[in-house]
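These are the residues of each chain, in order.
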Amino acid sequence: MRSGEGIFQARKQHFKPGTNVVTAQSLQQARDLFPFLFTPETRPVPQVITNIEDLRILAEQRVPRMFYDYADSGSWTESTYRANTTDFAPIKFRQRVAVNMEGRSTASEMIGQPVAMPVAIAPTGLTGMQHADGEILAARAAKKFGVPFTLSTMSICSIEDIAAATDRHPFWFQLYVMRDRDFIERLIDRAKAANCSALVLTLDLQVLGQRHKDLKNGLSAPPKLTVPNILNMMTKPRWCLGMLGTKRHGFGNIVGHVKGVENMGSLSEWTAKQFDPRLSWADVEWIKKRWAGKLIIKGIIDAEDAKLAVASGADAVIVSNHGGRQLDGAESSIRALPSIVAAVGSQIEVHLDSGIRSGQDVLKAIALGAKGTYIGRAMLYGLGAMGEAGVTKALEIIHKELDISMAFCGHTQLLTVDKSILLPGSFPV
Ligand SMILES: Cc1cc2nc3c(=O)[nH]c(=O)nc-3n(C[C@H](O)[C@H](O)[C@H](O)COP(=O)(O)O)c2cc1C
């Protein structure tokens with residue numbers, strides 16, 4: 001067994017404040033020294049990561065329970081959460097053969113912006129609690145891959161952090177409408193100043209859906225230092241070391257930007273009162289005017305609402321039930337997609353999220369008329385598992401599955417894909 005000093009020297013060498021470098025060697029040293037801090041591995045850790053499920057298993061082992069549960073859960077009975085993924089399965093492809101499959105491309109555009117594949121990173125709150133500086137790492141991975149990154153209002157890293165960490169590469173900013181309209185105006189102005197190229201306005205969170213696990217775990221950011229939380233965090237040394245190396249532990253877009261909200265205690269009071277239950281389409285028009293750029297409306301699951309979104313002047317709608325986190329019992333996104341495409345698809349871009357765990361899911365959504373898709377949990381699992389490299393891995397996995405499946409369906413360009421690649425009778429209409 002090594003001396004106690006060894007690990008502290010390893011920490012000095014491998015762990016610079018502001019970065020998240022924890023090497024396999026320093027982790028092994030920690031395991032040798034403090035075996036009781038590590039969770040006994042009940043499930044085999046995937047040696048080779050080949051799919052999103054492998055990343056999920058790794059994330060479950062590496063992220064403290066309250067934050068892992070925060071990501072991997074839906075509201076109430078989780079029926080919509082489950083349906084989002086299971087409703088993709090019955091949709092079947094038509095396999096074609098003896099078609100030249102060379103020279104393939106998944107490149108496309110979302111709201112007129114070129115993308116390496118039509119898969120954006122969805123906005124997710126508290127991403128910097130899945131992994132230290134999580135939003136920065138995911139934004140960097142998205143930039144390198146050539147897909148849009150969307151920053152949540154409820155992020156840990158701030159709008160300005162993302163701009164600085166990506167050399168002002170354009171990203172998208174997701175806005176929640178709060179009662180404090182001055183704050184909203186300032187947020188919009190900050191997003192403009194940070195070179196954001198689209199505003200994603202979320203409409204399905206006027207009131208909060210209930211996730212049982214979050215209440216039971218006492219979810220908070222940073223986590224409250226209760227005995228069960230401390231014990232659980234002690235089993236996640238990689239996560240703890242990362243968190244020690246960053247100063248970003250609170251809601252970066254809010255703390256210090258709102259009068260009277262200087263610490264986390266006052267923040268939780270503020271947010272509980274802030275989400276605006278009176279939000280209306282008139283507010284959407286006001287926001288569009290103030291933003292004066294590309295506007296994407298997120299949280300549409302009904303064709304009537306999609307028509308109202310068109311009337312509000314939006315550039316795109318995201319067919320989304322918030323990943324099954326809001327109305328339990330709402331329709332899955334993939335089932336809702338065809339009726340929304342039929343209602344507004346000729347006037348506005350229709351995007352989709354909720355339930356995407358593979359490139360095949362992306363291909364099915366594109367075939368059913370979506371111009372773009374978003375990944376929430378698939379990204380979070382990658383991040384929790386391996387930081388920036390894990391987000392890149394998630395994007396690579398999805399890209400490969402998308403590219404190969406497209407080829408099997410007899411297409412070399414994603415832009416030519418339509419409903420004809422699907423087996424009649426197997427998809428929702
Ligand atoms: C942990 C978590 C946090 C989320 N936070 C936000 C948020 O702050 N703003 C928002 O508009 N949507 C939020 N969402 C919803 C995602 O943007 C997206 O709609 C959803 O994750 C898509 O489903 P998927 O996770 O199955 O891909 C969140 C989702 C998760 C899983």
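Here, every reference points to the structure presented above.
All values reported here derive from a predicted model rather than from experimental measurement.

Caption draft 1: Expanded view of the nonpolar core. If you look at the biggest cluster of nonpolar residues, it comprises 117 residues, and the most contacted ones within it are Val317 and Ala394. Ranked by residue count, the leading element in this core is helix α18 (residues 377–408), at 14 residues. Apart from the residues within four sequence positions on either side, alanine 394 is in contact with Ile52, Leu55, Ile375, Ala378, Met379, Tyr381 and Gly382.

Caption draft 2: Structural context of unusual backbone geometry. We note that arginine 168 has phi near 60 degrees; this positive angle belongs to a residue other than glycine. Position of arginine 168 relative to the elements: it lies in the loop between α8 (159–165) and β5 (172–175). Exposure remark for arginine 168: the 12 C-beta atoms within 10 Å place this residue in the exposed category. Phi at asparagine 195 is positive, roughly 75 degrees, even though this residue is not glycine. Mapped onto the secondary structure, asparagine 195 falls in the loop between α9 (181–193) and β6 (198–202).

Caption draft 3: Highlighting the site of the ligand. Around the ligand, 24 residues are found, and the nearest of them are Ala122, Gly125, Ser152, Gly323 and Gly376. Mapped by element, the contributors of at least two residues to the shell around the ligand are α4 (65–71) and α18. Here the residues of the shell around the ligand sort into eight nonpolar, 12 polar and four charged.

Caption draft 4: Representation of the sheet that holds β5. Spatial strand order, β3-β10-β9-β8-β7-β6-β5-β4: eight strands in an open sheet with parallel pairing. If you trace the sheet from one side to the other, it starts and ends with β3 (119–121) and β4 (150–151), each paired once. With four bridges joining them, strand β7 (residues 295–300) and strand β8 (residues 316–319) adopt parallel strand pairing. What sits directly across from isoleucine 300, in β8, is valine 319.

Parameters and conventions
- Residues numbered from 1 in each chain as written.
- Predicted model: local features only at pLDDT ≥ 70, side-chain atom pairs only at ≥ 80, totals over all residues.
- Core = buried A, V, L, I, M, F, W, Y, C linked by C-beta atoms within 7 Å.
- Buried ≥ 20, exposed ≤ 12 C-beta atoms within 10 Å, placed from the backbone.
- Helix = DSSP H or I, 4+ residues; strand = E, 2+ residues; numbered from the N terminus.
- Contact = placed C-beta atoms within 7 Å.
- Near = placed C-beta within 6 Å.
- Nonpolar A, V, L, I, M, F, W, Y, C, P; charged D, E, K, R; others polar.
- Pairing = 2+ DSSP bridges.

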